[in-house]
Amino acid sequence: MTSTIEVNNLTKRFGKVIAVNDVSFSVAENKIYGLLGRNGAGKTTLMQLLTGQDFASEGTISLFGQAPVENAKVLQNTCFIKESQRYPEDFRPKDVFTTAPWFFANWDQKFAERLVADFRLPLDRRIKKLSRGQLSSIGVIVGLASRAPLTFFDEPYLGLDAVARHIFYDRLLEDYANHPRTVVLSTHLIDEVSNLLEHVLVIDEGAMLINEDAETLRNRATTVVGMKTAVDAFVGERTVLQRDGIGGLSSVTVAGLNESERREATAAGLELSPVSLQQLIIHLTSTETTEFEASA
Ligand SMILES: Nc1ncnc2c1ncn2[C@@H]1O[C@H](COP(=O)(O)OP(=O)(O)OP(=O)(O)O)[C@@H](O)[C@H]1O
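Quick notes on the rules
- Residues numbered from 1 in each chain as written.
- Predicted model: local features only at pLDDT ≥ 70, side-chain atom pairs only at ≥ 80, totals over all residues.
- Helix = DSSP H or I, 4+ residues; strand = E, 2+ residues; numbered from the N terminus.
- Buried ≥ 20, exposed ≤ 12 C-beta atoms within 10 Å, placed from the backbone.
- Contact = placed C-beta atoms within 7 Å.
- Pairing = 2+ DSSP bridges.
- Domains from an automatic or database assignment.
- Near = placed C-beta within 6 Å.
- Nonpolar A, V, L, I, M, F, W, Y, C, P; charged D, E, K, R; others polar.
- Axes fitted to C-alpha atoms, helices over the stretch in contact; angles between N-to-C directions.
- Parallel < 35°, antiparallel > 145°, perpendicular 65-115°, else oblique.

- The protein chain is annotated in an unreviewed UniProt entry as ABC-2 type transport system ATP-binding protein from Rhodoglobus vestalii.

1. A word on the overall build of the protein chain
Next, step 1: Scanning the protein chain for helices and strands turns up 12 helices and 13 strands.
Next, step 2: Projecting the C-alpha coordinates of the protein chain onto the three principal axes gives extents of approximately 65 × 45 × 35 Å.
Next, step 3: Among the 296 residues that make up the protein chain, the fraction classed as buried is 34%.
Next, step 4: Within the protein chain, contacts between residues separated by at least 24 positions form 68% of all contacts whose residues are at least 6 apart in sequence.

2. Details of the pairing of strand 9 (residues 207-213)
Next, step 1: In this sheet, strand 9 lies alongside strand 8 (residues 199-204) in antiparallel orientation, the contact comprising six bridges. By the bridge assignment, Asp204 is partnered in strand 9 with Ala207.
Next, step 2: Between the end of strand 8 and the start of strand 9, which pair antiparallel, lie two residues, with Glu205 showing a positive phi angle near 45 degrees.

3. What to know about the domain arrangement of the protein chain
Next, step 1: Assigned domains of the protein chain: these are domain 1 (3-213) and domain 2 (219-295).
Next, step 2: Distance from the C-alpha centre of domain 1 to the C-alpha centre of domain 2: 34 Å.
Next, step 3: Contact residues are listed per partner, giving 10 residues for domain 1 and six residues for domain 2.
Next, step 4: Elements supplying a minimum of two residues to the side of domain 1 that touches domain 2: helix 7 (190-193), strand 8 and strand 9.

4. Re the environment of Thr266
Next, step 1: Within the fold, Thr266 resides in helix 10 (residues 259-267).
Next, step 2: By the C-beta count within 10 Å, which is 11 here, Thr266 ends up exposed.
Next, step 3: Separated by 44 residues in the primary sequence, Thr266 and Thr222 place their C-alpha atoms 13 Å from one another.

5. Some remarks on the site of the ligand
Next, step 1: In the vicinity of the ligand, the contacting residues are Phe14, Val17, Ala19, Gly37, Asn39, Gly40, Ala41, Gly42, Lys43, Thr44 and Thr45.
Next, step 2: No other element matches helix 1 (residues 43-50), which puts three residues into the shell around the ligand.
Next, step 3: Its residues assigned to classes, the shell around the ligand shows four nonpolar, six polar and one charged.

6. What about the packing of helix 5 (residues 132-145) against helix 6 (residues 162-178)?
Next, step 1: For the pair helix 5 and helix 6, interaxial distance at closest approach is 11 Å and the crossing angle is 0 degrees. By the criterion of interaxial angle, the relationship of helix 5 to helix 6 is roughly parallel. In contact with Gly133, Ser137, Val140 and Leu144 of helix 5, helix 6 contributes Ala164, Phe168, Arg171, Leu172 and Asp175.
Next, step 2: Here the contact of helix 5 with helix 6 is composed, by residue class, of five nonpolar, two polar and two charged.

7. Considerations on the sheet that holds strand 8
Next, step 1: Spatially, six strands are ordered 5-6-7-3-8-9 in an open sheet, and the strand pairing comes out mixed. Among the strands making up the open sheet, the edge pair consists of strand 5 (78-82) and strand 9. Taken over all neighbouring pairs, the strand axes of this sheet differ in orientation by 15 degrees on average, direction set aside.
Next, step 2: Judged from the five bridges that link them, strand 6 (residues 150-154) and strand 7 (residues 182-186) form a sheet pairing that is parallel. The residue bridging Asp154 from the neighbouring strand is Ser186, located in strand 7.
Next, step 3: Across the sheet, helix 1 is in contact with strand 3 (32-36), strand 5, strand 6, strand 7 and strand 8; its angle to strand 6 comes to roughly 150 degrees.

8. Side note on the pairing of strand 10 (residues 221-227)
Both faces of the sheet carry side chains from a regular strand, because those side chains alternate between them.
Next, step 1: As paired elements, strand 10 and strand 12 (residues 249-255) share seven bridges and run antiparallel to each other. The partner of Ala221 across the bridge, within strand 12, is Ala255.
Next, step 2: Summarising the sheet, strand 10 and strand 13 (residues 271-274) pair through four bridges and their orientation is antiparallel. Looking at strand 13, one finds that Val225 is bridged to Glu271.

9. Concerning the sheet that holds strand 10
Next, step 1: Read from one edge to the other, the open sheet built from four strands follows the order 11-12-10-13, with strand pairing classed as antiparallel. Strand pairing shows two members of the sheet lacking a second neighbour, strand 11 (240-246) and strand 13, which therefore form its edges. The sheet shows a mean angle of 20 degrees between the axes of neighbouring strands, taken without regard to direction.
Next, step 2: Bridge analysis of strand 11 against strand 12 gives six bridges, and the strand direction is antiparallel. The partner of Gly245 across the bridge, within strand 12, is Ser250.

10. Remarks on the environment of Ile32
Next, step 1: Topologically, Ile32 is positioned in strand 3.
Next, step 2: According to the C-beta neighbour criterion, Ile32 is buried, with 20 such atoms within 10 Å.
Next, step 3: It is 29 Å that separates the C-alpha atoms of Ile32 and Ser131, two residues lying 99 residues apart in sequence.
Next, step 4: When residues no more than four places from it in sequence are discounted, the contact partners of Ile32 are Tyr176, Val183, Leu185, Leu196, Leu197 and Glu198.

Right under this line is the structure:
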């Protein structure tokens with residue numbers, strides 16, 4: 001498998017703050033990655049380092065086999081959409097879409113126009129007059145229509161309403177199927193993007209906590225539902241992530257179950273359902289977590 005990104009022992013310090021702490025990982029070509037983690041975990045810093053916008057304190061980064069810093073060849077194949085994107089004072093959306101093709105070799109103007117219509121973006125209004133969501137939609141359109149071989153979206157949709165967010169997800173999936181590329185998406189709306197993600201990176205306090213195929217990760221926990229006595233008997237000494245119940249019914253989320261354990265649960269009249277990625281990540285990154293990580 002070809003890697004688009006290779007990171008080795010990457011550290012970034014801001015004075016005493018260690019924003020990224022000795023991180024090593026690779027990102028495979030033509031997959032959609034989720035870069036997830038709590039506030040201040042180091043996601044934006046990591047993306048800034050990867051896109052050559054900041055210097056590493058230690059370690060190495062390779063994009064398409066080369067270091068990204070001041071490397072035009074690498075950067076013209078990379079698109080970084082961030083929530084806080086700034087535009088020249090007098091720019092209107094149409095100016096952004098006129099200049100974007102200068103930077104991105106694969107830019108698709110027709111696709112950009114379709115997205116402008118989808119997002120109902122007023123092309124002639126000054127950018128400083130746009131609503132928060134309209135401003136975000138400019139970034140999302142650039143990120144999609146650039147068709148850069150490597151695209152980073154850092155919380156790209158602040159202010160976008162639910163309809164617009166789903167247009168983004170749908171268009172991304174549709175266009176990715178026709179024009180495969182590597183996408184790294186950072187978001188806190190984990191359940192919304194859950195079906196989009198093929199691989200999940202979770203960073204916590206600067207360190208890489210999870211680097212796993214999304215499907216494998218989802219199978220790391222299961223919710224067992226049924227009569228309280230039967231659920232308790234089945235759960236026994238297993239690691240419990242979450243426990244809910246009402247009346248005689250109980251719902252308990254436990255760390256991964258193998259095939260024979262699943263059969264055992266079903267035979268005991270219990271229902272099994274997969275845990276949501278968001279629930280799992282909340283658990284893995286909440287401060288008291290250690291036992292489940294160790295058992296995974
Ligand atoms: N220029 C800077 N100077 C000092 N500390 C910084 C600087 N930039 C980031 N940090 C710190 O580094 C840590 C990581 O920040 P970063 O913005 O990468 O987090 P994040 O995961 O993107 O968070 P969020 O989800 O809230 O956007 C935080 O503790 C932040 O306060």
